[in-house]
Amino acid sequence: LVLDERLLLTPELINISINSEHQSLHLQWTVPNLPHQESRMAFQIQISRFERSKVIWEENYRSTVKQGQVLHWSWESELPLECGPHFVRMKSEVVDAKFPKPSFWSSWSPWEKVVAQDSPGPNELLVFPKDKLVEEGSSVTLCYVSGSNLKNISCYLDSEQIPGERLDASVFAFSLSNIPFIRKTGTNFFCGNSTHKEDGTVLFVSKVLEEPKDFSCETRDFKTLKCTWEPGPDTGLAWSKQPSQSYTLLESFSRRKEHCQHRSWCHWQISQGSQETYNFTLLAENRLRRRSVNLLFNLTRRVHPMDPQSIKFENVSARSAIMTWKEYSIVNHCTLLCQVELRAEGEVTQHNVSVKVNGEYVLSGLEPGTQYATQVRCASASHFWKWSDWVPQKIITFEAAPS
Amino acid sequence: STTARCSCSRRYPELLDQLRNQADLLQNPESLLIPYIQYQGLEVPGPSEPCTEHPRDFPSEAALQRLSRRGFLWTLNATIDHVLPRLETMKKELFAPTDLEQLQATANNLLGLRSNLYCMTRLLQGSSEPAKPTQSGSEPSPPPPPPPPPPPPTRSQHVFQAKQENCRFLCGYHRFMRSARRVFSEWPHSLNPSPT
């Protein structure tokens, strides 16, 4: 009876799919004759390579199984699947507390053969994986599969010959660790012998995507926020293998998103009457990795005023003048603190001016007939963030009236 | 192909010298092949070459030698017509940004060569060029242009094979220009050479 039950519970592999890029096998199976509507089961999965007897992977997998249910499981190979045939089999066991009968393993399912690449012709040499994208510092295994007529094959990484390990009669593997970034067009790996044209592949080694640094945002006009950051190295690669990393701004309160067109800055439109507090996430992405940084701030604390404009002098006399300047429409939003600097014959004096609409300051105690260099800059009065740039302007006082 | 035609020089020796100099410039592997090999990392250890020309890509020197002067000019012009678009394709991704200026100079030189080919063809049309002994009868029309070089590597082709294909193309291109230079160097010094 037990023998029959062992056969009954043998899993049935219904599909094994190959993903060459990820070097992975995806298994789908059922347990045809489940005695119960639903039971907790253990599965033992074996994978062999080149020959059924050469088991290279064994794993236990547990799942609750309903009658007729299709189960899934994936396995990633460190060796490209094209390097040789693989074989898969599995067996099952009911491990359910609800059914405490003495448990036993089912029979093994028959070996299923998986072939990702046909064998090469007698004079053919095949190198794998093709055009793999990896990150700098990672490890990768390459292989070649050679036709029966080919002997004394040498392999080179760029221009350096490297030794391999024989895995099978016509298969050699090359394990590389801590791979460096060399160039955007990839690192060439090729094999051949003196008489035979070689085959090869290109390893696309990407620089590691770095977390953006010095992420900061400010406004100069309460209409647009400009966010800036240090992007770190460009991870773009040639041959369309990986575009430069992309940057996206996400704001959690408004749930808005902005795809940035530049590697180190981005504009964000401030909508009328919108929030004062912003919670930004800057997301950096390439094909291998994602990095993000966050920034929470209040708009009024990130005001970087425009430079003062249209500096003029009115009521100029021998000893005084009224200095005026215009401020960008920012004043509707906040009061500015401006600094006026006066320079003459090496002497510098500085005065602070509070500005609500336009700037005005009375220069007094001047010397007649003297040229003064003035300059003015402004910042937010309530929460200092950054000064505008200095804007210079010269003034010459009138000569004193003859006494 | 549309080419801006400058005014043609009417002096055969001067035009021949220009053609020779242009071919000299264009045959130099420093202009295309070597920058490409360096940017793609195709240098190989030892004396061997990173790639060899594919015979089908460009007419052989022997084939060029067999042509009449007009036939040779025609073949050279047709070949340039195939090279220029291929260079344009390669320019986008396969050369270092720092090499693009050199690439543009090569394209300009090719356009200059094609312009001089046009002028020389007009000069020869006015001359009574004897047909090459190997050709039967007079030459009513120029020989059919050489078979077009292979299309650029396709996206589905693996990168290593595409790198090799481009390398072989450039290798053939420089060899073809060297052959053209040698053919020009064997041209008579005058428009209507006295029959020998």
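Look a little higher up for the structure.
The rules we used
Residues numbered from 1 in each chain as written. Chains lettered and ligands numbered in written order. Predicted model: local features only at pLDDT ≥ 70, side-chain atom pairs only at ≥ 80, totals over all residues. Heavy atoms only, no water. Salt bridge = Lys/Arg side-chain N within 4 Å of Asp/Glu carboxyl O. Helix = DSSP H or I, 4+ residues; strand = E, 2+ residues; numbered from the N terminus. Buried < 20%, exposed > 50% of the residue type's maximum accessible area, 1.4 Å probe, protein only. Phe/Tyr/Trp six-rings, centres within 6.5 Å; stacked < 30°, edge-to-face > 60°. Lys NZ or Arg CZ within 6 Å of the ring centre and 35° of its normal.

(A) How the structure looks around the pattern of salt bridges. One pass over the structure, following the stated rule, counts 23 salt bridges over all chains. As a salt-bridge pair, Glu78 of chain A and Arg49 of chain A come within 3.6 Å of each other at their nearest N and O atoms. Residue Glu78 of chain A is found in the loop between strand S5 (71-76) and strand S6 (86-94), and its partner Arg49 of chain A is found in strand S3 (residues 38-49); the two are separated by 29 residues along the sequence. The partner of Glu285 of chain A in a salt bridge is Arg290 of chain A, and the shortest N-O contact between them spans 2.9 Å. For Arg290 of chain A, a relative accessible area of 57% puts it in the exposed group. One network of salt bridges, in which partners are shared, links Arg56, Asp57 and Glu165 of chain B.

(B) View of the packing of aromatic side chains. Residue and element names in this part refer to chain A. Across all of its chains, the model carries 22 aromatic pairs over all chains by this definition. Look at Tyr278 and Phe280: their rings are 5.7 Å apart centre to centre, the planes differ by 20°, and that puts the pair in the stacked class. Here Tyr278 and Phe280 have matching classes, each one buried. Taking 5.6 Å as the distance between ring centres and 15° as the angle between the ring planes, the aromatic pair formed by Tyr278 and Phe297 counts as stacked. Of this pair, Tyr278 sits in strand S22 (residues 277-285) while Phe297 sits in strand S23 (residues 290-298), placing them 19 residues apart in sequence. Its relative accessible area of 1% is what places Tyr278 among the buried residues. Connected via pairs of aromatic rings, a cluster forms that spans Tyr144, Phe172, Phe174 and Phe189. Sitting over the ring of Trp108, Arg89 keeps its end group 4.1 Å from the ring centre. The cationic tip of Arg377 hangs over the ring face of Trp387; the distance from NZ or CZ to the ring centre is 4.2 Å.

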